[in-house]
Amino acid sequence: MAYENILVETDGGVGVIRLNRPKALNALNDALIAEVSAALDAFEADAAIGCIVITGSEKAFAAGADIKQMSESQFADLYARDPFANLERVQRTRKPLIAAVAGYALGGGCELAMMCDFIIAAGNAKFGQPEVTLGVMPAWGGSQRLTRSVGKAKAMDLCLTGRMMDAAEAERCGLVARVVAADKLMEETLTAAKKIASMGQLSTIANKEAINAAFETPLNEGLRLERRLFYSLFATEDQKEGMAAFIAKRPPDFKHR
Ligand code: CAA
C-alpha cells in the first residue's frame, strides 16, 4: 500500500511507522490514522515482525489531533460517527509496540504514545494534554491512561493547566520508560525493539496481555490470568527451546511457535 502521511520500513524483525506530516507537526488527521491502522495490520500479519515502533520527526512526535480538521465539527455528527474511536486499532495491537518520542507529543500525540506499550523519549521531548486551552479535553484516553500512568495529581495538573512537561519530568513521574540523547533515539529504540523481536513472539504477546490486564482486572483475577498464560506457554516450542538453551549454556533459537 502506498502511504502519504507515514513512512514505513522494516529493520531486523522490527516494523517502523514514522508519522510524516511535517508541515502540520504530524497532527493526527483521519487519513494519517487510517494509514497507521493499515500499517499495523500489515506488521501484525507479518510473522517476521516481532516488535513495532511508532515515531515522528525530531521536532514532533505528533502535536495532537488535527485542530483544523475538527474545528468545524458539530456534536450530532461526532456522536453519531464516533470518529475518535479511529485510533482504537493501536490499542488492539498484540505485538509489542514502542513509541519513540522526540519533540512535541501533545494532546492526541501524547495519547498515541501512551497507547503504545512503553515510551522511549529523546531529551527534547515535551509531553502535554493542552486540549483545555482549546475549550475541550482529551478524547483518545488522556484522562484515563495519563492518570493511570502518572497519578491523579500530575494528570490534573497537566490536563487543567495545559502545560507541557519535559522528558526528565516525564521519566520522573513514570510516563516514559527511559530518556536518551536526541541523536540516539532511533538507535536506542531499535536496539530495544530488536531485542524484543529476538524473543519468542508467543511469550512477548503473553507478557503484554498479562501486564495490560493489571489495568483492567482485580488483582486476584490478574494473578490467575498470569498463571494461566504461564502454564499455556508450556505448550509452545519456544518454552522447550528457551529452557533447553539455558541448560546447555547456549543462546536460544526461538521459532515463535
Ligand atoms: N492540528 C493542526 N495543525 C497543527 C497542529 C494541530 N494539532 N499543531 C500544529 N499545527 C500546525 C500549525 O497550525 C502550523 O501550520 P501553519 O504553518 O499552516 O500555520 C504548523 O503546524 C506549525 O505549527 P506552529 O507554527 O504552531 O509551530 P510552533 O513551533 O510555533 O509551535 C506547538 C508548536 C507548540 C506544538 C503548536 O503548534 C501547538 O500548540 N500546537 C497545537 C497543540 C495542541 O493543542 N494539541 C492538542 C490538539 S486537540 C487533541 O489532540 C484532542 C484529543 O485529545 C484527541
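- Looking at an unreviewed UniProt entry, one finds the protein chain named enoyl-CoA hydratase and attributed to Terricaulis silvestris.
- Heading Function (unreviewed entry) of the UniProt record for the protein chain holds this comment: "Could possibly oxidize fatty acids using specific components."

1. Focus: the nonpolar core
Stage number 1. Counting residues in each nonpolar core, the largest one holds 44 residues, and the members touching the most others are F127 and L175.
Stage number 2. A per-element tally of this core places helix α1 (residues 30-45) first, with six residues.
Stage number 3. F127 has contacts with V101, A105, L106, C110, I119, A121, R163, M164, M165, A170, L175 and V176, leaving out every residue within four places of it along the chain.
Stage number 4. In this structure, I98, L185, M186 and A193 belong to the second largest nonpolar core, which totals 17 residues.

2. Observations regarding the sheet that holds strand β6 (residues 104-106)
Stage number 1. Judged by pairing direction, the sheet is mixed, and its four strands sit side by side in the order β4-β6-β8-β9 without closing on themselves. Strands at the two margins of the open sheet, each flanked by one partner only, are β4 (60-62) and β9 (164-166). The average angle at which neighbouring strand axes cross in this sheet is 20°, direction not considered.
Stage number 2. Where β4 meets β6, two bridges bridge the pair, whose relative direction is parallel. From the neighbouring strand, A60 faces β6, where its bridge partner is Y104.
Stage number 3. Sitting on the sheet, helix α5 (residues 108-115) touches β4, β6 and β8 (126-128), and the angle it makes with β6 is about 90°.

3. A closer look at the pattern of salt bridges
Stage number 1. In total, this model carries 13 salt bridges according to the counting rule given.
Stage number 2. Salt-bridge contacts for K154 lead to E169; the nearest nitrogen and oxygen are separated by 2.8 Å. Of this pair, K154 sits in helix α7 (residues 152-161) while E169 sits in helix α8 (residues 167-172), and the two are 15 residues apart along the sequence.
Stage number 3. Residue E169 is classed as buried on the basis of its relative accessible area of 11%.
Stage number 4. One continuous salt-bridge network, built from bridges that share partners, spans K154, D157, R163 and E169.

4. Some remarks on the sheet that holds strand β5 (residues 97-101)
Stage number 1. With mixed pairing, six strands are arranged side by side in an open sheet as β1-β2-β3-β5-β7-β10. This sheet does not close on itself; its edge strands, each paired only once, are β1 (6-11) and β10 (178-180). Each strand axis lies, on average, 20° off the axis of its neighbour in the sheet, ignoring direction.
Stage number 2. Across four bridges, the pairing between strand β3 (residues 51-55) and β5 is parallel. Residue pairing in the sheet places T55 in a bridge with A100 of β5.
Stage number 3. Strand contacts of helix α9 (residues 185-197): β1, β2 (14-19), β3, β5, β7 (118-122) and β10, with the helix running at about 175° to β5, the strand carrying the most contacts.

5. Here's the deal with the site of the ligand
Stage number 1. Near the ligand there are 25 residues, and of these A65, I67, G108, E111 and E131 occur at the shortest range.
Stage number 2. Between G108 and the ligand, the recorded distance is 2.8 Å, taken from a backbone N or O atom to an oxygen atom.
Stage number 3. In the complex, the protein chains occlude 67% of the 990 Å² of accessible area that the ligand would expose alone.
Stage number 4. Sorting elements by how many residues they give to the shell around the ligand places helix α2 (residues 67-70) first, with three residues.
Stage number 5. Looking at the shell around the ligand residue by residue, the class counts come to 16 nonpolar, three polar and six charged.

6. Let's talk about the environment of G107
Stage number 1. Here G107 shows up in the loop between β6 and α5.
Stage number 2. Between the C-alpha atom of G107 and that of A245, which follows or precedes it by 138 residues, the distance is 45 Å.
Stage number 3. In this view, G107 contacts G64, G128, Q129, P130 and E131; residues no more than four positions away in its chain are not counted.

7. Observations concerning the domain arrangement of the protein chain
Stage number 1. Domains assigned within the protein chain are domain 1 (6-197) and domain 2 (200-248).
Stage number 2. For domain 1 versus domain 2, the separation of C-alpha centres amounts to 27 Å.
Stage number 3. Contacts between domain 1 and domain 2 engage 11 residues on the former and seven residues on the latter.
Stage number 4. Between domain 1 and domain 2, roughly 730 Å² of surface is buried when both sides are summed, and carbon and sulfur atoms account for 47% of that area.
Stage number 5. Area buried by domain 1 at its contact with domain 2 is led by R94, D117 and R148, which between them contribute 53% of it.

Rules behind the numbers
Residues numbered from 1 in each chain as written. Predicted model: local features only at pLDDT ≥ 70, side-chain atom pairs only at ≥ 80, totals over all residues. Heavy atoms only, no water. UniProt positions renumbered as here; feature names shortened; annotations may be inferred. Core = buried A, V, L, I, M, F, W, Y, C linked by side-chain atoms within 4.5 Å. Buried < 20%, exposed > 50% of the residue type's maximum accessible area, 1.4 Å probe, protein only. Helix = DSSP H or I, 4+ residues; strand = E, 2+ residues; numbered from the N terminus. Contact = heavy atoms within 4.5 Å. Pairing = 2+ DSSP bridges. Axes fitted to C-alpha atoms, helices over the stretch in contact; angles between N-to-C directions. Salt bridge = Lys/Arg side-chain N within 4 Å of Asp/Glu carboxyl O. Near = heavy atom within 4 Å. Polar contact = N/O pair within 3.5 Å; in protein donor to acceptor, adjacent residues only side chain to side chain. Areas by Shrake-Rupley, 256 points an atom, 1.4 Å probe, with all protein chains shown as cover. Nonpolar A, V, L, I, M, F, W, Y, C, P; charged D, E, K, R; others polar. Domains from an automatic or database assignment. Buried area = accessible area lost by both parts, 1.4 Å probe.

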